[in-house]
Amino acid sequence: MAGRSKITDAEALAYHLDPRPGKIEINASTAMATQRDLSLAYSPGVAVPCEAIAANPALAYDYTTKGNLVAVISNGTAVLGLGNLGALASKPVMEGKAVLFKRFADVNSIDIELDTEEVDAFVAAVKLMGPSFGGINLEDIKAPECFMIESQLKEAMDIPVFHDDQHGTAVICAAGLINALHISGKKIEDVRIVLNGAGAAGIACLELLKTMGARHENCIMCDTKGVIYQGRTTGMNQWKSAHAVKTDLRTLDDAMKGADVFLGVSAKGAVTQEMVSNMAENPVIFAMANPDPEITPEEAHQVRADAIVATGRSDYPNQVNNVLGFPYLFRGALDIHARAINDEMKIACAEALAELAREDVPDEVAVAYGRKLSFGRDYIIPTPFDPRLIHVIPPAVAKAGMDTGVARRPIVDMPGYADSLAARMDPTASIVQGISARARQAQARMIFAEGDDPRVLRAAVAYQRNGYGKALVVGRDDDVRAKLEAAGLGDATRELEVVNAANTRHLEIYKTFLYERLQRQGYDQQDVHRLASRDRHVFAALMLAHEHGDGLVTGATRKSAHAIRLLDHVFDIQKNPDAVGITALLHRGKIVLMGDTLVNEWPDEEDLATIAEAGARVARGLGMEPRVAFVSFSTFGYPVSERATKMHLAPVVLEARGADFEYEGEMTVDVALNPEVAAQYPFSRLTGPANVLVVPARHSASISVKLMQEMAGATIIGPILTGVDHPVQIASINSTSSDIVNMALLAACRIGS
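Residues numbered from 1 in each chain as written. Predicted model: local features only at pLDDT ≥ 70, side-chain atom pairs only at ≥ 80, totals over all residues. Heavy atoms only, no water.

**Section: a negative patch on the surface**
Phase 1: On the surface, a cluster of negative charge is made up of D115, E117, E118 and D120.
Phase 2: Mapped onto the fold, E118 is located in the loop between β2 (108-113) and α6 (119-128). (Patch = residues over 30% accessible without salt bridge, like charges linked within 9 Å, V, L, I, M, F, W, Y side chains within 5 Å. Areas by Shrake-Rupley, 256 points an atom, 1.4 Å probe, with all protein chains shown as cover. Salt bridge = Lys/Arg side-chain N within 4 Å of Asp/Glu carboxyl O. Lys, Arg positive; Asp, Glu negative; His and termini not counted. Charge placed at Lys NZ, Arg CZ, Asp CG, Glu CD. Helix = DSSP H or I, 4+ residues; strand = E, 2+ residues; numbered from the N terminus.)

The following block contains the structure:
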């Protein structure tokens, strides 16, 4: 198992502070450039949809964002596991929930924090906001108030109201249980279920399972005072009383004897190994307490090898993660303009999740998680980054809503709806997640060459604490210590390994190697000594060449050309005909690779073909099927220009080389990227928009990348150095610590190698 992520308070605060405070912003979805645009967006044009909606309120779903807008609402009385922090302190969590809605299901969301603990005041405030939203997601509200609030709002409002702390956990728990019982050969109506934790989530879990067929008399609910039995008066309320059973059992220990299923939403250590050993054959244990489960999978399996175990943690198999549920429940509900999210829709979600886990897992998921996943005891619930979730779960939810009469606008073409869901999702986040997961699996010893720069040190700390591998920092011990302390990371001094010429036993080996390389290039032994012992870039490269590290990141303090010249003392990058720099541009859910942005200044057609091959290699390394376009100011020979000739010839070179990917050119950028424009050229060999662009020269590549970054706000990863024998990546001089971490992950994954 890879190392677990360790996040400091300083890192968490910095994440929420930079580059802007918070985690969300609002962007206009329509043009706002001209006076005409403003006249249409506001006065006088806006009056027309206002009058239309006044005449027919259903048109609000057509002319406003209502149909794709959810409010995430809390009063902060039960924030995570932190307790009653108040409305304002809950805002970071609510912003985070809004981000998850957008990331996983393209649902727009806004957080609202209500400064009241009074049920009636809370309900009144939310009711008044009803016209604004297509759905309400309640969050982090303590029990029993959460039950009353949700019940009253469901009755009063004609849009979905969903308390995720209750029902989100219940849905994912139900999905996992369907498959766990399938594996163990048991039926839900026959199993004995023990629930520990009689709060909002626990009660919702048991209620949903009973709706799915679990028998009331077979379900034992426990809280801190023991079994909830008929006749108990201590610590009771109407919601607990509904699940009281006639039994002589009084403690959790009693209840666990012979139980088939344990569901825990309580506290760390609530379940002992003795309790697990007393359970029935093939016990199912969902220890969902966060951040630490009631019993760990290791502890459970020590006494019961036949146990099927799930937790709420991402570093164990079978994570019960609410993000598998709420985004897709709301996506399906919003798309049918639902009046509510009912039990049938929740069950449909659970059953679809369970069925998805039983299907063959796509290769991109295996790539992202560093291992092949297949249905079984350690894989009963899909992973959050399974790309099929968006087009499998919402249609199931929507169909259940339509079948039960809560849909205002039923979906007629369900296959078309599924296709549209797949097309609307951002592929870039999955790609970045895949790189991260593969790096964590690789556990590469990463050499950070510029240990005198605070950005590099923060990146090294983040690399190691996030469990990607060992960070080796080239620098002076006292300087590194001082800069870490100044950055608020003084505790990391003991964690990082600082390497330099003074503390390595390999210096003489490095010098001998370097002298043999450079002795006929005008360097004497004194020159080599200075290079090996004083230049951190050369020293870091020598470490990598001798396999004293698995990857190298540099360039944050030197311009890339200068960094390459220094590395050339060891690796001959500039003399390598296969060395190419590919930059990834991520913007509005699309990813395009641009080459060459680093090595070849004025490539000919042979070089351009090599750049295309490098771009295709990087694309495949990122999990994309490459479609390469050679771009110019001309398209397929018009206008005729001597400067465009090489772009016309490069595809011919690729054809002669027998390239095994799609390529075409020369063409303008709009032909390469815009399907409507590309349709004017039906003979083109590209089956879709290009995702690798090869441009005429390094300066045009650099201009294009910088323009997209500055004018469009594109996220830039790279340039990714490919075609070199060793995993070296060169960050740009204006890189942030996050950028440097990304470059380290690329080196760890050997992207483009």
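**Considering the domain arrangement of the chain**
Where interface size is given, it is often the accessible area lost as the parts come together that is meant.
Phase 1: Taken as a whole, the chain is organised into domain 1 (33-164), domain 2 (167-403), domain 3 (437-567) and domain 4 (580-723).
Phase 2: Computed from C-alpha coordinates alone, the two centres of domain 1 and domain 4 are separated by 43 Å. (Domains from an automatic or database assignment.)

**A short note on the UniProt feature "binding site: NADP(+)" (unreviewed entry) in the chain**
Phase 1: Within the UniProt annotation, "binding site: NADP(+)" (unreviewed entry) is assigned to V79, L80, G81, L82, G83, N84, L85 and G86.
Phase 2: Checked against the element boundaries, V79 lands in the loop between β1 (69-74) and α5 (91-105).
Phase 3: For V79, a relative accessible area of 1% puts it in the buried group.
Phase 4: Residues within four places of V79 in sequence aside, it is in contact with L85, S90, V93 and D140.
Phase 5: As for its placement among the helices and strands, L85 is situated in the loop between β1 and α5. (UniProt positions renumbered as here; feature names shortened; annotations may be inferred. Buried < 20%, exposed > 50% of the residue type's maximum accessible area, 1.4 Å probe, protein only. Contact = heavy atoms within 4.5 Å.)

**Re the pattern of salt bridges**
Phase 1: Scanning all chains against the criterion turns up 37 salt bridges.
Phase 2: Here K97 ties to E139 by a salt bridge, and the two come within 2.4 Å at their closest N and O atoms. Taken together, the residues span a long stretch of sequence, with K97 in helix α5 and E139 in the loop between β3 (135-138) and α7 (145-156) at a distance of 42 residues. An identical accessibility class is assigned to K97 and E139; each is buried.
Phase 3: Two residues, D550 and R445, come together in a salt bridge whose shortest N-O distance is 3.0 Å. Highlighted residues: D550 in the loop between α24 (536-545) and β14 (551-554) and R445 in the loop between α19 (427-442) and β11 (446-448), separated in sequence by 105 residues.
Phase 4: The structure contains a network of salt bridges with shared partners spanning K91, E95, D111 and E113.

**A closer look at the nonpolar core**
Nonpolar side chains in soluble globular proteins tend to end up buried together.
Phase 1: Grouped together as the largest cluster of nonpolar side chains are 97 residues, with contacts concentrated most on I136 and F286.
Phase 2: In terms of residue count, the dominant contributor to this core is helix α8 (residues 164-184) (nine residues).
Phase 3: No fewer than three residues from each of domain 1 (33-164) and domain 2 (167-403) sit in this core.
Phase 4: Residues in contact with I136, not counting those within four places in the same chain, are A71, I73, V126, M157, I159, P160, V161, F162 and F330.
Phase 5: Listed in part, the 63 residues of the second largest apolar core include M624, V653, L654 and Y663. (Core = buried A, V, L, I, M, F, W, Y, C linked by side-chain atoms within 4.5 Å.)

**Considerations on the environment of R657**
Phase 1: Tracing the sequence through the fold places R657 in helix α27 (residues 645-657).
Phase 2: Sequence-distant contacts of R657, that is, excluding residues within four places in its chain, are made with E606, A609, T610 and E613.
Phase 3: Within the structure, the side chain of R657 is placed 2.9 Å from the side chain of E606, a separation counted as a polar contact. (Polar contact = N/O pair within 3.5 Å; in protein donor to acceptor, adjacent residues only side chain to side chain.)

**What about the packing of helix α20 (residues 454-465) against helix α21 (residues 477-486)?**
Phase 1: Between α20 and α21, the shortest axis-to-axis distance is 10 Å and the interhelical angle comes to 80°. Taken together, the axis directions place α20 and α21 in an arrangement best described as roughly perpendicular. Residues P454, L457 and V461 of α20 lie in contact with α21, whose contacting residues are V480, K483 and L484.
Phase 2: Among the residues forming the contact of α20 with α21, the class breakdown is five nonpolar, no polar and one charged. (Axes fitted to C-alpha atoms, helices over the stretch in contact; angles between N-to-C directions. Parallel < 35°, antiparallel > 145°, perpendicular 65-115°, else oblique. Nonpolar A, V, L, I, M, F, W, Y, C, P; charged D, E, K, R; others polar.)

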